Each structure stands twice: as structure tokens, then as C-alpha cells.
Amino acid sequence: MCLTDQQQAVGIYGFWFIQQRFKLGTKTMFSTIAVAIILLDGWGMIGIWTQKFGFHNGWEFWLYQVYYGLFVCPWYSYSQIMISEVAPRGHDFLFFSLFSIVGKTSSFIGPLVSSAIIDATPSGNASMPFYFLFGLSVASFAVLAIWLDLKKSRREQELFLQGKDGNGSGDM
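The written sequence of each chain sets the order in which its residues are numbered from 1. Restriction of local features to residues with pLDDT of at least 70 applies here, the model being predicted, together with a cutoff of 80 or more for giving and counting side-chain atom pairs; totals for whole chains, interfaces and linings are based on all residues. The side-chain numbers reported here are obtained from all heavy atoms of the structure, hydrogens and water having been left aside.

The protein chain is annotated in an unreviewed UniProt entry as Autophagy-related protein from Aspergillus oryzae. UniProt lists a comment for the protein chain under the heading Function (unreviewed entry), and it reads "Vacuolar effluxer which mediate the efflux of amino acids resulting from autophagic degradation. The release of autophagic amino acids allows the maintenance of protein synthesis and viability during nitrogen starvation." UniProt positions are given in the numbering used here, feature names are shortened, and annotations may be inferred rather than shown by experiment. The protein chain has a UniProt comment under Sequence similarities (unreviewed entry) that states "Belongs to the ATG22 family."

Here it is as C-alpha cells:
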């Protein structure tokens, strides 16, 4: 196991331990990771305005690896837990499949979008995609924080599994 794998294992275990110890919900843990991602994007965005830091130095990439392993890596675990909490039992494979397709698509398209942003920037500043990433991360976090209601989702799942549309008509 390489050092990065060990950091990731420590990060995942640390989040799990904190969740168990303080009886925190999945959404709270997921939101904590989202904030960690926003901070990481913010650090990169600082590199737009200065060359002193903001992913311009070798030590920052080492620090990034540690930070990512400890605070961002648990996202993969918690995102799947969140899907299992909002997907109706017996239909989770549909949601996990969609999650996998979207994840692979964004892994392919993300670097192309970042390259296009850099190429479209007159200065060619390699930190410019962090504007986009920061905005996307903040918007995603806001949507999850404001509109994701796990209790309502559980009620909707039960209605779905009972064959009701939520209005009592039974039409899907």
C-alpha cells in the first residue's frame, strides 16, 4: 500500500469514526467533504492572482496529496451512501449506474473543459479553470444543502414502492 492509499484509508476511517462518535448524519458528513472540496478549489483559485502559492510550488502538490487523502477522498464512499439513501430499494442499481456514467463522463469532459478555459484565457494562466471549479462546487453544495431532504426522500421512496405518486392517485 503506497502512502497515498494509507492517507485515503485514514481519511475514510477518520470520517467514519467521527460520524459514529458524534452520531452525525450522512448529509452532514457529505457536506463537510463538499466544504473541503470548495477550500481546495479556492486554494487553486488564489493561483490566478499570485505566483507565490495556489499550486505553483512543489510543496503544494505534496500538501494537496495529504489533504486530498484525508479530507476529500471520503467523498467516494459518502456519495455512494447518499445515493443508497435517496434511491428506492430494489431500484438502486439504476441510480448507481447513472452515477457511474456521469462520473466517467465528467472525468473525460473535465480536462477538455479545463484546457478550453486555459486556451481561451489571453494570459494562458493554468489556474483559470479554478474559477469554473470553484463556482461549480459552490453551486453544487448550495443545491445539496438547500434542497436535499433525506427524510422527505424516504417518504417519497415508500410512496414509490407502494405504487403511489404522492397524491394518493396511484398513477406513476
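## Things to note about the overall build of the protein chain
Helix and strand definitions follow DSSP, with helices as H or I runs of at least four residues and strands as E runs of at least two, each counted in order from the N terminus. Helix and strand content of the protein chain: seven helices and zero strands. Listing every helix and strand of the protein chain by position from the N terminus yields α-α-α-α-α-α-α. Principal-axis analysis of the C-alpha atoms places the extent of the protein chain at approximately 60 × 40 × 30 Å. Think of it in three bands: residues with accessible area under 20% of the maximum for their type are buried, residues over 50% are exposed, and the middle band is partly exposed, with areas taken using a 1.4 Å probe on protein chains only. Looking at the protein chain residue by residue over its 172 residues, the buried ones come to 26%. The contact definition used throughout considers only heavy atoms, calling two residues in contact when any of these lie within 4.5 Å. The contacts of the protein chain with a sequence gap of at least 6 include a subset with a gap of at least 24, amounting to 64%.

## Here's the deal with the side chain of serine 127
Within the secondary structure layout, serine 127 lies in the loop between helix 5 (92-120) and helix 6 (129-147). Here serine 127 is in contact with Gly44, Gly47, Ile48, Gly54 and His56, once residues within four sequence places are set aside.

## Quick notes on the side chain of glutamine 19
Checked against the element boundaries, glutamine 19 lands in helix 1 (residues 3-22). Glutamine 19 gets classed as buried once you look at its relative accessible area, which sits at 13%. Engagement of the side chain of glutamine 19 in a polar contact is seen with the side chain of tyrosine 78, the distance being 2.7 Å. Beyond its immediate stretch of four places on either side in the chain, glutamine 19 contacts Leu24, Gly25, Thr26, Met29 and Tyr78. In protein, a polar contact means a hydrogen-donor-capable atom and an acceptor-capable atom, both N or O and within 3.5 Å, with residues adjacent in sequence counting only if both atoms are side-chain atoms; elsewhere, any N or O pair within 3.5 Å suffices.

## Description of the packing of helix 4 (residues 74-86) against helix 7 (residues 150-162)
For helices, the fitted axis covers only the stretch in contact; all axes are lines through C-alpha atoms, and the angles between them, taken along N-to-C directions, range from 0 to 180 degrees. At their nearest, the axes of helix 4 and helix 7 sit 8 Å apart, and the two run at 45° to each other. With respect to helix 7, the axis of helix 4 lies oblique. Listed contacts from helix 7 to Met82, Glu85 and Val86 of helix 4 are Leu150, Ser153, Arg154 and Gln157. Among the residues forming the contact of helix 4 with helix 7, the class breakdown is three nonpolar, two polar and two charged. In these notes the angle categories are as follows: under 35 degrees is roughly parallel, over 145 is roughly antiparallel, 65 to 115 is roughly perpendicular, and the rest is oblique. Residues were grouped as follows: Ala, Val, Leu, Ile, Met, Phe, Trp, Tyr, Cys and Pro as nonpolar; Asp, Glu, Lys and Arg as charged; and all remaining residues, including Gly, as polar.

## Quick look at the packing of helix 2 (residues 26-46) against helix 6
Between two packed helices, both the angle of their axes relative to each other and the distance between the axes serve to describe the pair. Direction vectors running N to C along helix 2 and helix 6 enclose 160°, while the axes themselves pass 9 Å from each other. Taken as axis vectors, helix 2 and helix 6 run roughly antiparallel relative to one another. Judged by the twist between their axes, the crossing of helix 2 over helix 6 is left-handed. Contacts between helix 2 and helix 6 involve Lys27, Phe30, Ser31, Ala34, Val35, Ile37, Ile38, Asp41, Gly42, Gly44 and Met45 on the former and, on the latter, Phe130, Tyr131, Leu133, Phe134, Ser137, Val138, Phe141, Leu144 and Ala145. Looking at the contact of helix 2 with helix 6 residue by residue, the class counts come to 14 nonpolar, four polar and two charged. In this scheme the crossing of two helices becomes right-handed for a clockwise turn of the near helix relative to the far one and left-handed for an anticlockwise turn of less than a right angle.

## Let's talk about the nonpolar core
For soluble globular proteins, nonpolar side chains are generally found buried alongside one another. Buried Ala, Val, Leu, Ile, Met, Phe, Trp, Tyr and Cys residues form a nonpolar core when they are joined through side-chain atoms within 4.5 Å. Ala36, Leu40, Met45, Ile48, Phe55, Tyr68, Val72, Cys73, Met128 and Phe130 form the largest nonpolar core, which has 10 residues in total. Of all the secondary structure elements, the ones that give two or more residues to this core are helix 2 and helix 3 (58-72). With three residues, the single largest contributor to this core is helix 2. Among all residues touching methionine 45, those that are not within four sequence positions of it are Phe130, Tyr131 and Phe134. Judged by nonpolar contacts, the second largest core, of eight residues, contains Met29, Phe30, Tyr78 and Leu150.

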